[in-house]
Amino acid sequence: MEKFNYQNLEDLQKLARIQLKDEEKKDLLESLQKIVEYIDQLDSIDTKDVACCNHVSQVQNENVVRDDVVGELLSRETLLENAPDQIGGMIRTPPIMQD
Amino acid sequence: MDLYKLSAYELRNLFLDKKVKATEITEYFLKRIEKNNKKLGAFLTVLSERAMQKAKELDQKNAENKPMGRLAGVPIAIKDNTHIEKEITTCASQFLTNYKAPFSATAVKLLEEQDAILVGKTNLDEFAMGSSNENSSFYPSYNPWNLDCTPGGSSGGSASAVASRISLIATGSDTGGSIRQPSAFCGVVGFKPTYGRVSRYGLVAFGSSLDQIGPIATNVKDIGLTMEVLGKHCPHDAMSLEFPAESYIENLREDLSEITVGVPWHFLESLNKEAHDNFVQSIETMKSLGANIIDVNLDILKSSIAVYYILATAEASTNLARFDGIRYGVRSKDAKNLEEVYDLSRDQGFGYEVKKRILLGTYVLSSGFQEAFYKKAQKVRTLVIQSFDAAFSNCDCICMPTAPITSFKLGTFQDPIGMYLQDIFTISANLAGLPAISVPSGFDKDNKPFGLQFLGPQLHDAPVVSYAHAYEQATKFSSKIPPLFDKEF
Amino acid sequence: MKNWEAVIGLEVHVQLNTITKLFSSAPNRFGDDPNTNITVVDTGQPGALPVVNREAIKKAAQFGFAVNASVEKFSKFDRKSYFYPDSPRNFQITQFEHPIVRGGTVTITVEDEKKEFQIDRAHLEDDAGMLKHFSSFAGVDYNRAGTALIEIVSTPCMTSAKEAIAYVKTLKAILEYIDASDCNMEQGSLRVDANISVRPVGEKKLRNKTEIKNMNSFTFLEMAINAEIERQIRLYEEYESDEPDNVVIPGTYRFNPNTKQTELMRMKERAEDYRYFPEPDLPPIVLTQEFLDTVKATLPELPQQRFARYVEQLGLSEYAATNLILDKQTADYFEEALTYSNNTKALCNWITVEFPGRLKELGHTLSSIDIPAVHLANLVKMIDEGKITGRIAKQVADDMVQTPGMDPVDIVKNNPDYQPLSDASAIEPLVEKVLQDNPQSIEDYLAGKKKALAFLVGQIMKLTKGKASPDIVNELIQKKLDSKN
């Protein structure tokens, strides 16, 4: 198992949009290295032919659906009450490079 | 009337019998909160106006002899990662200091429908990530038994509030032990239901396949009472179980005759002497109540922390992605473009532990590592479930200590693994979706509480609570009140 | 000069026309004020949870059967993580590992050849919100966020823009026939992304492909695909000696309708790591055989079946039939008209050629203007019954387009110029005049030249401004010519 390193950390930061102050970075890297070493213990457990546990409920829990009927809405007012910035009923953000 | 010494069940009866008014009850507990919260750091928000308003309505209703709810007149605190509509939900994070909940959690709605009086929002580790409440970005919470020590976490504020009797009941959330461990540390009773038993709608998600809302109370009967209100199917939560509500109060046992209790002795080998002795004592008590004690093999649980910190952080890394400064919460004033809105807002809003877990969670899901970590952990989770299934084929419930140690001083754990290891006995119930309760089991030499855990198969919530009741009746540890708070005002 | 071939795969995103969204009970509607069709789920509020819309599952299953795909009994949802403001949670809920539909075939005639295009898979996922761009800011509207989408992924089996268009048109028709979507490309309920690569004919290996987005009409789709194919070929020919992988680099391109070229949006330096994992908030979908049988049994007539019916039972040409079936509204209109008149060929012609031609100038189609099918049928009936001539009919059609909703029967009644001249005594002198003026034609006719008759008839029709009943004219002329014999 590859050792968890700085490059890993920077890649992860980009993916997770997490910025770190320089002091935090060093500490965090050490922390993550220790944690990754710890969780790596699972490698020694034999899981051949064992299925992933995607859903923990042991009772029949499938096909939970709802009818195609309009229900309770969130009012625009309530949405915008919590919005950092808004304009014309929309949430406002800095300009975005068009896609 | 020393109202704080009463159980919720007793208080409600007093209220219904018109021996005390709801407004009196509310003023009383609000006063207790006001006097003690600074010491305890239990509450982040006190909802005095709302509570008094509800109390007035209840008094009116009661005066007209209208039918009253099952929790009528009972003060209840809500962990601040659970929504009360129009009130702030902070999750103890700088990210959400001004976030007004747009809807009430189903659990909160059910409590209000049954006439509970919601007194405030309690402190927690930020986004429920922690085992000591030290990760709250506002202030820590303290243990009523020893104010230098933690109340545990992440539902530290709730456990502290109940133990000090400034609220009689509180809700918590439990992802890896966050209801049970603080309950044990604070000498109160805390219950994590079967996964899906209580709706998660309105609970700010941490580990979606692990989270459950549950009650913390001063005694087991109150746990049962609250669960009868909370344990209902919810159409807004697709993982909510569609099973008839269980009856708890009717089924509370006084003994454990004909009950087989499984104990994973091998797994418990590493317990320190004091904890070990306390646990052995509890087992003797259960024997005297008629229980048949057998050994069960749960050695796989040694890996449960590794499994948990992979799965919970993976789920959390995606659950917390929505906190991006766009729609709600903090948005950094320095952000000049979209990237900066994300990066700076999350930097400003998230504490260190939260950032760490998000990065870890992103790592175990990332391309090249998902197979070795996330998928592997999912498979070991299956093994954990299978182990429990095998054990339960021979016993009605499993007993373990709730925590390996009693409450510790703030600042004790500096290395990451050390703190995580505190969850060793609680995590497995979340991995397997099992109902699990922690009930006080004694005190250590420093008069800090121990907790004992009962676990049952999925859907055996009422039986688990009933076993705990029998133990509680025989030992009465939960009725002990921390000396500092054992006076009215 | 090498011969190049194109390899095209299409990803078609279709908004299902369910009443509510996929995971929330907000209305699924286009064009409302920003942020008025939202719930806590669609705006990613903390504590909100998704619950699946049963109707979306049904429509996805119907689609699967309509393209002869395998409708999977077991499917589930996954989280797909990426940060973007139009994503309320910064993860989309999609079906990565176990989609609800696998395989499938789309059959359609392209330039007289019957083609079968293969679908790889189709799955359910939720749509993102909309970003509106302004110079100094952007606005986010979550009305669209959470709308049920079915993403249909083809194999890279198309080799030309024409094939791609035919494939998408057929998919569109199928979706319209099963009432799964309104398939409006302009409004964005049907969106096409094209993956395009080229290679020399005979080369087996696939070269680098590019992704083209933002083509919101069939015209643009065709232009974009052709432009991109040309662009890639030009590059390969210019950098003949370079390693092909370095000549055309994978990337995402946008079609620019002004320059009619494709422009680079972003490079794919490394594939985005979406970190797919099973959605823990939703249990899997398990479909029973009973459910599947019911869905299959209740499928309406599909385009291919209608095509067969038009060709075999109504005697339409394959070309006419293909055009009709690909436009459901027109085909429905045609069949309604057929209930009033059984002249299939004439109706087909008026509905697919004559009227569209007139309506195009007004910016309309038969579906957007209020000319009921019965009126069209009445027009054809009047011609068949000899009540008006073909020439007059064309004028009546012009009038019908100018005054939609007016019955041609009334138009003819109200306009004396349209009344056919069927009074033989009024026509006879005109016939006499034409015969007198055209002695040569008489001789030609008597000499056996049939064309001469047509000429004479034409002259008479001219004189009567097309109003004379052709039958009567023929009868009169015949009589007179015979008497000259």
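Residues numbered from 1 in each chain as written. Chains lettered and ligands numbered in written order. Predicted model: local features only at pLDDT ≥ 70, side-chain atom pairs only at ≥ 80, totals over all residues. Heavy atoms only, no water.

**Q** How should I be thinking about the overall build of chain B in this particular structure?
**A** In terms of regular secondary structure, chain B is built from 15 helices and eleven strands. In terms of overall dimensions, chain B is globule-like: its C-alpha atoms have a radius of gyration of 21 Å, near the 23 Å expected for 489 residues. Within chain B, the proportion of its 489 residues that are buried is 71%. Once local pairs closer than 6 in sequence are excluded, the contacts in chain B between residues at least 24 apart make up 75%. Just so you have it, chain B exposes about 14700 Å², and 49% of that area is on carbon and sulfur atoms. A distance of 3 Å separates the average location of the 51 positive side-chain charges in chain B from that of its 56 negative side-chain charges. (Helix = DSSP H or I, 4+ residues; strand = E, 2+ residues; numbered from the N terminus. Rg over C-alpha atoms; globule rule 2.2 N^0.38 Å. Buried < 20%, exposed > 50% of the residue type's maximum accessible area, 1.4 Å probe, protein only. Contact = heavy atoms within 4.5 Å. Areas by Shrake-Rupley, 256 points an atom, 1.4 Å probe, with all protein chains shown as cover. Lys, Arg positive; Asp, Glu negative; His and termini not counted. Charge placed at Lys NZ, Arg CZ, Asp CG, Glu CD.)

**Q** Which parts of the structure should I look at to understand the layout of surface pockets?
**A** It is the rolling of a water-molecule-sized probe over the atoms that shows where space remains empty. All names here are of chain C. Of the volumes computed, that of the second largest pocket is approximately 1300 Å³. Contributing elements (two or more residues each) for the lining of the second largest pocket: β8 (105-110), α2 (161-177), α3 (218-238), α7 (318-325), α8 (328-338) and α9 (344-361). Looking at side-chain class alone, the lining of the second largest pocket contains twelve nonpolar, ten polar and twelve charged residues. When residues of the lining of the second largest pocket are sorted by domain, at least three fall in each of domain 1 (4-289) and domain 2 (301-418). (1 Å grid on protein atoms, 1.4 Å probe; cavity = no way out; pocket = protein on both sides within 12 Å on 5 of 7 lines; lining within 4 Å. Points joined across faces, edges and corners; volume = space filled by probe spheres on them. Nonpolar A, V, L, I, M, F, W, Y, C, P; charged D, E, K, R; others polar. Domains from an automatic or database assignment.)

**Q** Help me understand the packing of helix α1 (residues 6-16) of chain A against helix α11 (residues 352-365) of chain B, please; the structure alone is not making it clear to me.
**A** Two measures define how a pair of helices packs: the angle their axes make with one another and the distance between the axes. Axis separation between α1(A) and α11(B) bottoms out at 9 Å; the angle between their running directions is 100°. As summarised for this structure, α1(A) and α11(B) are arranged roughly perpendicular, according to the angle between their axes. Residues Leu9(A), Leu12(A), Gln13(A), Leu15(A) and Ala16(A) of α1(A) lie in contact with α11(B), whose contacting residues are Ile358(B), Leu359(B), Thr362(B) and Tyr363(B). Looking at the contact of α1(A) with α11(B) residue by residue, the classes come out as seven nonpolar, two polar and no charged. (Axes fitted to C-alpha atoms, helices over the stretch in contact; angles between N-to-C directions. Parallel < 35°, antiparallel > 145°, perpendicular 65-115°, else oblique.)

**Q** Looking at this structure, how should I read the interface of chain C and chain A?
**A** You'll often see interface size given as the accessible area lost when the parts meet. Every contact between the two is made by 55 residues of chain C and, on the other side, 35 residues of chain A. Taking both partners together, chain C and chain A bury about 3800 Å²; carbon and sulfur atoms supply 58% of that area. Considering only the side of chain C, the residues that lose the most area to chain A are Arg54(C), His133(C) and Phe137(C), jointly responsible for 13% of the buried surface there. Taken together, chain C and chain A are joined by one salt bridge. We note a salt bridge from Arg54(C) to Asp67(A), for which the minimum N-O separation is 2.8 Å. Our enumeration of links across chain C and chain A arrives at 21 residue pairs in polar contact (both at pLDDT 80 or more). Every element with two or more residues in the side of chain C that touches chain A is listed here: β2 (52-53), α1 (54-66), β10 (130-133), β11 (138-141), β16 (261-267) and β18 (285-286) of chain C. With four residues, β11(C) is the largest single contributor of residues to the side of chain C that touches chain A. Split into classes, the residues belonging to the side of chain C that touches chain A amount to 28 nonpolar, 14 polar and 13 charged. One ladder, built from two bridges, connects strand β1 (residues 65-66) of chain A with β2(C); its direction is parallel. (Buried area = accessible area lost by both parts, 1.4 Å probe. Salt bridge = Lys/Arg side-chain N within 4 Å of Asp/Glu carboxyl O. Polar contact = N/O pair within 3.5 Å; in protein donor to acceptor, adjacent residues only side chain to side chain. Pairing = 2+ DSSP bridges.)

These results come straight from atomic positions and should not be treated as a statement about function.
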